[in-house]
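Listed below, chain by chain, are the residues.
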Amino acid sequence: MKKIIALIIALMLALVNVAALAETTTLKAGTSPDFPPFESMDDAGNVIGFDADLAAAIAELIGMEIVFEATSFDSIVIGVQTGLYDIGISGFYITEERLANVDFSVPYLQDSQSCIVKVDSDITDNASLAGKKIGSQSGTIGIEAAEASTDADKVYPYTKALDAVLDLAGNKLDAVITDTPVAKAILAELNDASLTVAPAVSFGVEYYGIAIPKGQDELKAKINAAIETLIADGTIDELVAKWDIYGAADVE
Ligand code: ARG
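Note that the coordinates shown come from a computational prediction; the quantities given were computed from them, not determined experimentally.

On to the site of the ligand, then. Among the 15 residues in the neighbourhood of the ligand, the closest are listed as D34, S90, G91, R98 and D179. The contact in question runs from an oxygen atom of the ligand to an N or O atom on the backbone of Y93, over 2.8 Å. Note that an oxygen atom of the ligand is positioned 2.7 Å from one of the side-chain N or O atoms of R98. In isolation the ligand exposes 340 Å². Once the protein is present, 99% of that is buried. According to the grid-proximity analysis, the pocket containing the ligand is the largest cavity.

Pasting the structure below:
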């Protein structure tokens, strides 16, 4: 009798283990898929881009499924903070200000911002941005760069960087600030000879990270370990080349 009970208990424990293994934990990731080559939506409604591939690679390493939820960029940090999303993956620069509200993974990439202007623009350096009408995506560091460069009432927030560039093309703005890979992708897509990246306007180096709620230290450690693996094994470099992050699509 004792043996049978022991057997039943052993069997039950084995079943519990199998159930635990089969359980895939889903991570809901807030993203704003208006930002190729980092994230955009394909015709089937899937989020594609550097960040989507990165998320898939991380998911495989940590044994969790990452599911994207599309939203506007300026609502992701608050969504992560309040538990609406488990993480935020959306071409986020790691900044002190954001770190007051959410944690970030270790950086997975670095770049800087660029300034898109008309080819005949008199914007030749950072100083010549003073007094100009500058557009950028709402909630982004581009808005902060614009605020630091011109008058407060000449900073124009847009839902998407692309819309700001279309207004620049239509002479409603003098400049648009966005992440350099995105600026290049937009110019390549629009193929408008009247637009260019102002070569002598430059902003500081920025680092991309994944936003994680404060207090989720175990999750953060797993994501960090995965990113470090993907840097060390060359996966990130492959994705940089695949999505042309640093630029064969140089449009100058
Ligand atoms: N890297 C910039 C920032 O952190 C812009 C990110 C915008 N991302 C997006 N998916 N639209 O503010």
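What follows continues from the structure just given.
With that settled, consider the pairing of strand 13 (residues 205–208). Of the two faces of strand 13, the one holding E206 and Y208 is buried and the one holding V205 and Y207 is not buried anywhere. When strand 8 (residues 109–118) meets strand 13, the two strands line up antiparallel, connected through 4 bridges. Considered in strand 13, the bridge of L109 is made with Y208.

Scanning the entire structure with this criterion turns up 8 aromatic pairs. Residues F38 and F50 carry aromatic rings whose centres are separated by 6.1 Å and whose planes lie at 70° to one another, so their mutual orientation is edge-to-face. In this pair, F38 sits in the loop between strand 2 (34–35) and strand 3 (39–41) while F50 sits in helix 2 (residues 50–62), placing the two residues 12 residues apart along the sequence. By relative accessible area, F38 is classed as buried at 0%. With 4.9 Å between their ring centres and 45° between their planes, Y93 and Y208 make a pair best called tilted.

A separate point is empty space enclosed by the protein. Tallied over the full model, the rule gives 2 cavities of 30 Å³ or more. A volume near 100 Å³ is recorded for the largest cavity. The wall of the largest cavity is formed by 14 residues, among which F35, F73, G91, T140 and D179 lie closest to the centre. Every residue lining the second largest cavity is listed: F35, Q113, S136, Q137, T140, G142, A161, I177, T178 and D179. Elements that contribute at least two residues to the lining of the second largest cavity include exactly strand 9 (134–137) and strand 11 (175–179). In terms of residue class, the lining of the second largest cavity is made up of 3 nonpolar, 6 polar and 1 charged.

A few words on the pattern of salt bridges. One pass over the full model with this rule turns up 6 salt bridges. Close ionic contact of D122 with K132 constitutes a salt bridge, the shortest N to O distance being 3.0 Å. Of the two residues, D122 sits in the loop between strand 8 and strand 9 while K132 sits in the loop between strand 8 and strand 9, which places them 10 residues apart along the sequence. Relative accessible area serves as the criterion here: at 52%, D122 is assigned to the exposed category. When its relative accessible area of 18% is taken as the criterion, K132 is described as buried.

What follows covers the side chain of D111. Positionally, D111 belongs in strand 8. Buried and without a salt bridge, D111 has K184 as its closest oppositely charged side chain, separated by 9.0 Å. Ignoring any residue separated from it by four or fewer positions in sequence, one finds D111 in contact with Y93, D179, T180, P181, G204, V205, E206, Y208 and Y246.

Moving on: unusual backbone geometry. Omega for the bond connecting P36 with P37 falls within 30 degrees of zero, at 10°, which places this linkage in the cis form. On the secondary structure map, P37 appears in the loop between strand 2 and strand 3. At D244, a residue that is not glycine, the phi angle is positive and equals roughly 55°. Within the element layout of this structure, D244 appears in the segment after helix 9 (235–242).

The rules behind the values
- Residues numbered from 1 in each chain as written.
- Predicted model: local features only at pLDDT ≥ 70, side-chain atom pairs only at ≥ 80, totals over all residues.
- Heavy atoms only, no water.
- Near = heavy atom within 4 Å.
- Polar contact = N/O pair within 3.5 Å; in protein donor to acceptor, adjacent residues only side chain to side chain.
- Areas by Shrake-Rupley, 256 points an atom, 1.4 Å probe, with all protein chains shown as cover.
- 1 Å grid on protein atoms, 1.4 Å probe; cavity = no way out; pocket = protein on both sides within 12 Å on 5 of 7 lines; lining within 4 Å.
- Sits in = over half its atoms within 2 Å of the grid points.
- Buried < 20%, exposed > 50% of the residue type's maximum accessible area, 1.4 Å probe, protein only.
- Helix = DSSP H or I, 4+ residues; strand = E, 2+ residues; numbered from the N terminus.
- Pairing = 2+ DSSP bridges.
- Phe/Tyr/Trp six-rings, centres within 6.5 Å; stacked < 30°, edge-to-face > 60°.
- Points joined across faces, edges and corners; volume = space filled by probe spheres on them.
- Nonpolar A, V, L, I, M, F, W, Y, C, P; charged D, E, K, R; others polar.
- Salt bridge = Lys/Arg side-chain N within 4 Å of Asp/Glu carboxyl O.
- Lys, Arg positive; Asp, Glu negative; His and termini not counted.
- Contact = heavy atoms within 4.5 Å.

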